[in-house]
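Overview (structure and organization)
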Amino acid sequence: MAAHDDDTEARRHDLPPDGSALEEDADRRRGVLTALPMPGPTGRRALVWFGATAALILIVYLLVPHLAGIEDTWNRIRDGSPAWLAAAIGLEAISYAGYAWNVAAVSAADRVVLGFRRSAQITLAATAATRLLAAGGAGGIAVTTWALSRAGHGPKGAAKQVSSHLVATYAVFVGAIVLFGTGLAIAGAEPLLSAVPAVLGALLFAAYGIAIQAPDALQRRLGQGGGRWRQALLAAPQALADGTHFTIELVRRRELGLLGTVVWWVFDVATLWACFWAFGGHPNVAELTMAYLLGMLGNLLPLPGGVGGVEGGMVGACAAFGIDAEIALVAVLAYRAISVWLPALPGVLALATLRRAADGAEVIEEDDAEPDAA
């Protein structure tokens, strides 16, 4: 018992444990470090992506207002309230902090202690990667999976972790569509903007609940063996199912870090709201939130940097709800600059130093995990 306590204390203070434990930990670390190459476009491909993204930014932020014939409205940006824009930046910082909290908590629940600083670095690096490959956030998913694998989760554990983040994040997102869509439908809003999305969201929940049972059912039917094609076919669905079950387990354990996903969405919407106030708009909060949620579906479009899809979706949804489209255009572009492009700047630095940050995580062995309270 005393020897076990000494080893545990040594790990906590970065002191060398006994030889066998050190050798075992080193072997595990070497296996993890070689698990995956760092993802992301490099060389000429990266230059192409950056060039396409820069061109789209110029089109959306500079040319669209002129082509739409609303140059006078575009000049509102000069009169935007600095205080409200500063508030928007602060709200977005809280949003990112919430997501980093979720990453840190879920990782620690699986015995890899990242800490808040490393989790924030992974979050910002994933943001930068998402700008390179925006289809559903694929770039960010790849970088997060790589970083968590290298930190000590290994490829399979990292896949489960990322799946858990996605499940928690989009459960809140779809739940909000159902909640606000239902509320607005009851209040008499246009069904296509309220009732229809709410019903589709509820059906999506039901379909997903059935779908995650498929990997286990197929494994029972086909057995644990099988060729590579079978393992490859089941790998992604199985990772999603594992992440879902893990998230449900964390809910049952009342893991507060899962609330980080709620913080992520709530304060991101609040950032958009502050941008409207910065340019003289005072939209209804429920309608603005629903327009935000519908506009976010534009992230599914495979556009370089995600430019255009979300902006157009949000402005269009705002106009459909009767919110002044001219103010909405300026507010949404300001919101996207604050929520996407401003964090991308430190995100590039985080991406450049991510390898060293991931290597510094503390892996807690099974024997070191504190027993549950009786």
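Here is what the cut-offs are and how they apply
Residues numbered from 1 in each chain as written. Predicted model: local features only at pLDDT ≥ 70, side-chain atom pairs only at ≥ 80, totals over all residues. Heavy atoms only, no water. Helix = DSSP H or I, 4+ residues; strand = E, 2+ residues; numbered from the N terminus. Buried < 20%, exposed > 50% of the residue type's maximum accessible area, 1.4 Å probe, protein only. Axes fitted to C-alpha atoms, helices over the stretch in contact; angles between N-to-C directions. Parallel < 35°, antiparallel > 145°, perpendicular 65-115°, else oblique. Nonpolar A, V, L, I, M, F, W, Y, C, P; charged D, E, K, R; others polar. Salt bridge = Lys/Arg side-chain N within 4 Å of Asp/Glu carboxyl O. Phe/Tyr/Trp six-rings, centres within 6.5 Å; stacked < 30°, edge-to-face > 60°. Lys NZ or Arg CZ within 6 Å of the ring centre and 35° of its normal.

**Looking at unusual backbone geometry**
- The backbone phi angle of Arg111 is positive, close to 70°, even though this residue is not glycine.
- One can find Arg111 in the loop between helix H5 (82-109) and strand E1 (112-113).
- Residue class for Arg111 comes out partly exposed when judged on its relative accessible area of 26%.

**Thoughts on the packing of H5 against helix H11 (residues 259-278)**
- Two elements in contact, H5 and H11, have axes separated by 7 Å at closest approach and are oriented at 170°. If you check the angle between H5 and H11, you find them roughly antiparallel.
- Residue classes in the contact of H5 with H11 are distributed as 18 nonpolar, six polar and two charged.

**Some remarks on the pattern of salt bridges**
- Overall, the coordinates contain three salt bridges when judged by the stated rule.
- The partner of Asp110 in a salt bridge is Lys160, and the shortest N-O contact between them spans 3.4 Å. Placement of the pair is Asp110 in the loop between H5 and E1 and Lys160 in helix H7 (residues 138-186), with a sequence separation of 50 residues.
- Taking relative accessible area as the criterion, Asp110 reaches 16% and is therefore assigned buried.

**What about the packing of aromatic side chains?**
- Tallied over the entire structure, the rule returns eleven aromatic pairs.
- Taken together, a centroid distance of 5.3 Å and an interplanar angle of 35° make the contact between Trp84 and Trp277 tilted. Here Trp277 lies in helix H11 and Trp84 lies in helix H5, a separation of 193 residues in the sequence.
- Between Phe173 and Trp265, the aromatic rings sit 5.1 Å apart at their centres with planes inclined by 40°, giving tilted as the arrangement. Separated by 92 residues along the polypeptide, Phe173 in helix H7 and Trp265 in helix H11 bring together distant segments of the chain.
- Residue classification places Phe173 among the buried positions, given a relative accessible area of 7%.
- On the basis of relative accessibility, which here comes to 10%, the residue Trp265 falls in the buried class.
- Every member of this aromatic cluster is reached through a ring pair, and the members are Tyr96, Tyr99, Tyr170, Phe173, Trp264, Trp265, Tyr292 and Tyr335.
- It is Lys160 that lies over the ring of Phe246; its NZ or CZ is 4.5 Å from the centre.

By themselves, these figures tell us nothing about what the structure is for.
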